[in-house]
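Residues per chain are reported as follows:
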Amino acid sequence: MSVQGVFNTRVTESSSIWTANAFVQCSAFLVCMAAWAATDRSNLLGVFKVEPKYMLLGGVMGAAITWTVIKSMDMLGPAKAVLFIVVAQIAAAYLIELFGLFGTQKADWEWRKAIGMALAVAGIAVFKWE
């Protein structure tokens, strides 16, 4: 993610954030289609059988994630941006587990995970400390 974020941010400097984002998503699509053709060859339309249908919004989220990574890399620099992104991703993932969201198995509250999250947030403060 770090290297991709830097690459995408540099592409944005030569075009625009949405042009760069579109290029990233289209090139990812082409790579995935080539990998599918070379290895998998399962039914392409099988993805539309997923229930609930909102699970198909991963690509929309991908575009939003690419946008936020580009913006944060540009505003904060690669190291700070990745630090914030990773901590936010861990927090979001733990909340998804705690509440059993999106069909995931519900996890029990664990103090050690909360302490780990607090340490990660403290790490942000230490990293930003000047």
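Remember, predicted model here, so these are calculated numbers, not experimental data. (Residues numbered from 1 in each chain as written. Predicted model: local features only at pLDDT ≥ 70, side-chain atom pairs only at ≥ 80, totals over all residues. Heavy atoms only, no water.)

Asker: Explain the nonpolar core to me, please; I cannot follow it from the model alone.
Answerer: Nonpolar side chains in soluble globular proteins tend to end up buried together. Among the nonpolar cores identified, the biggest contains five residues, and these are V69, M73, A81, V82 and I85. Looking at this core, the elements that each hand over two or more residues are helix 3 (58-76) and helix 4 (78-99). With near-sequence residues (within four places) excluded, M73 lies in contact with M1, S2, G5, V6, T9, P78, A81 and V82. (Core = buried A, V, L, I, M, F, W, Y, C linked by side-chain atoms within 4.5 Å. Buried < 20%, exposed > 50% of the residue type's maximum accessible area, 1.4 Å probe, protein only. Helix = DSSP H or I, 4+ residues; strand = E, 2+ residues; numbered from the N terminus. Contact = heavy atoms within 4.5 Å.)

Asker: What exactly am I supposed to notice about the side chain of S72 here?
Answerer: Relative to the helices and strands, S72 resides in helix 3. A distance of 3.1 Å separates the side chain of S72 from the backbone oxygen of V69, its partner in a polar contact. Once residues within four sequence positions are removed from consideration, S72 is found in contact with G77, A81 and I85. (Polar contact = N/O pair within 3.5 Å; in protein donor to acceptor, adjacent residues only side chain to side chain.)

Asker: How should the environment of T104 be read in this particular structure?
Answerer: Along the chain, T104 falls in the loop between helix 4 and helix 5 (111-128). Here T104 falls in the partly exposed class, since its relative accessible area comes to 35%. Leaving out residues up to four positions away in the same chain, T104 has contacts with I96 and E97. There is a polar contact of 3.4 Å between the side chain of T104 and the backbone oxygen of I96. A distance of 2.9 Å separates a polar side-chain atom of T104 from the backbone oxygen of L101.

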